[in-house]
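So you can see what is in the structure, the chains are spelled out below.
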Amino acid sequence: MTYQADEARYERQPYNRSGRSGLKLPAVSLGLWHNFGDNRPIENSRAILRRAFDLGVTHFDLANNYGVPYGSAEKTFGRIMHEDFRKYRDELVISTKAGYDMWPGPYGEWGSRKYLLASLDQSLQRMGLDYVDIFYSHRPDPETPLEETMGALDRAVRSGKALYAGVSNYSAEQTTQAARIMLELGTPLLIHQPSYSMINRWIEDGLLDAVEEEGMGCIVFSPLAQGVLTDRYLDGVPTDSRAATSRFLSPDRVDAELARDLNEVARGRGQTLAQMALSWTLRDPRVTSVLIGASSVKQLEDNVACVDGPDFTEDELEAIDKITERCAAGGR
């Protein structure tokens, strides 16, 4: 059946300006990391993307090496984009990244001009697009001059293959340096994409201040700490869970007692633990958007509903801080 987007899609969630730019992003964006590769049914991926757009999610976030095998998430998205979303292209923000390993040899990762621009061309080909809205340097390269990496981002924008440039996983100091270089080149950095959650607060130690000072937006990934901040682990580690089966989350990172304590706060707010965790990341006005993953339409709907949650009270924020302090101190 031909897809027709819900006419009420823009009534479902707020849209926040990314720093001092003209671009607004939905409060909740969809990341296509885990659940859109060749190892997942395409019809499930299609259903998630359709429902996301119907719920006002206009931003789809990818990277060159997302999916199993690498690149397959972009291929899956490209097929669905062509079949379902082609007429909505101007209503979508599509991002991709390059920085981690993608192909063999010395030119297949990190931040050289050769790698970044070749990767962008490959991403566009896989997705069947003329341009992406945001192209990121996925991680800083300790051996390539920052001027070269930023020069590649500037070239991507000037060539028309990307509308905006961003960085991901950069420290506060690196972000400031990158922003200053890009400003001199005439292509301001739009956004930073760091990890951030109630139990991973590293960006509060200078990065959020740097992003604000440089006029950049901030879109955070892993707000649920790879599922730790959900009801999945309230009673320990299920044998079929990500902590038990994935290399990205080890069982020793799961703290069931912490999850249960936070879940009690969430219940008092009328939210699930996942919804509260997402609302918590969005409480700071410097956070433009939060990236979620979804393996089903129901999970997507439950997570997007975080935007309907109440504002946090001082007592709730204090309770969350007290519960998470032991995790930050390494007490599990």
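Being a predicted model, the structure only gives us computed values, none of them experimental.

Participant: How should I be thinking about the overall build of the protein in this particular structure?
Facilitator: Tallying secondary structure elements over the protein gives eleven helices and ten strands in all. Relative to a compact globule of 332 residues, whose C-alpha radius of gyration would be 20 Å, the protein shows 19 Å and is just as compact. Taken over 332 residues, the protein has a buried fraction of 55%. Counted over contacts in the protein with a minimum sequence separation of 6, partners at least 24 positions apart contribute 75%. Looking at the protein as shown, the accessible area adds up to about 14,700 Å², and 47% of this sits on carbon and sulfur atoms. Counting 37 positive and 49 negative side-chain charges, the protein places the averaged centre of each group 5 Å from the other.

Participant: What is the right way to look at the pattern of salt bridges in this model?
Facilitator: Side chains that differ in sign of charge can pair as their charged atoms come close. According to the stated counting rule, one finds 24 salt bridges in the structure shown. Across the pair Glu 301 and Arg 51 runs a salt bridge whose closest N-O atoms are separated by 2.7 Å. Here Glu 301, found in helix 10 (residues 297-304), pairs with Arg 51, found in helix 1 (residues 42-54); they are 250 residues apart in sequence, far enough to count as distant. Among the residues examined, Arg 51 registers a relative accessible area of 26% and is labelled partly exposed. Its salt-bridge partner being Asp 133, residue Arg 89 comes within 3.0 Å of it at the nearest N-O pair. One end of the pair, Arg 89, is in the loop between helix 2 (72-85) and strand 5 (93-98); the other, Asp 133, is in strand 6 (residues 132-137), and 44 residues separate them in sequence. Asp 133 shares its class with Arg 89; the two are buried.

Participant: For this particular structure, what's the right way to read the sheet that holds strand 7 (residues 162-168)?
Facilitator: Either a parallel or an antiparallel arrangement is found when strands of a sheet pair, and the pairing is made through backbone hydrogen bonds. If you walk around this closed barrel you meet the eight strands as 3-4-5-6-7-8-9-10, and the pairing is parallel. Shown here is a sheet whose adjacent strand axes are inclined to one another by a mean of 30 degrees, direction ignored. Where strand 6 meets strand 7, five bridges bridge the pair, whose relative direction is parallel. Across the sheet, Phe 135 pairs through a bridge with Ala 165, a residue of strand 7. Sitting on the sheet, helix 4 (residues 146-158) is in contact with strand 6, strand 7 and strand 8 (189-193), with an inclination near 155 degrees to strand 7.

Participant: In this structure, what is going on with the packing of aromatic side chains? I would like to understand it.
Facilitator: To describe a pair of aromatic rings, one takes the distance between the centres and the angle between the planes. One pass over the full model with this rule turns up ten aromatic pairs. Taking 6.0 Å as the distance between ring centres and 65 degrees as the angle between the ring planes, the aromatic pair formed by Phe 60 and Phe 85 counts as edge-to-face. Here Phe 85 lies in helix 2 and Phe 60 lies in strand 4 (residues 59-61), a separation of 25 residues in the sequence. In this structure, Phe 60 and Phe 85 share a single accessibility class: buried. Each member of the aromatic cluster is reached from another via a ring pair, and the members are Tyr 3, Phe 53, Phe 60, Phe 77, Phe 85 and Tyr 88. Positioned over the ring face of Tyr 136 is Lys 97, at 5.7 Å from the centre of the ring.

Conventions adopted
- Residues numbered from 1 in each chain as written.
- Predicted model: local features only at pLDDT ≥ 70, side-chain atom pairs only at ≥ 80, totals over all residues.
- Heavy atoms only, no water.
- Helix = DSSP H or I, 4+ residues; strand = E, 2+ residues; numbered from the N terminus.
- Rg over C-alpha atoms; globule rule 2.2 N^0.38 Å.
- Buried < 20%, exposed > 50% of the residue type's maximum accessible area, 1.4 Å probe, protein only.
- Contact = heavy atoms within 4.5 Å.
- Areas by Shrake-Rupley, 256 points an atom, 1.4 Å probe, with all protein chains shown as cover.
- Lys, Arg positive; Asp, Glu negative; His and termini not counted.
- Charge placed at Lys NZ, Arg CZ, Asp CG, Glu CD.
- Salt bridge = Lys/Arg side-chain N within 4 Å of Asp/Glu carboxyl O.
- Pairing = 2+ DSSP bridges.
- Axes fitted to C-alpha atoms, helices over the stretch in contact; angles between N-to-C directions.
- Phe/Tyr/Trp six-rings, centres within 6.5 Å; stacked < 30°, edge-to-face > 60°.
- Lys NZ or Arg CZ within 6 Å of the ring centre and 35° of its normal.

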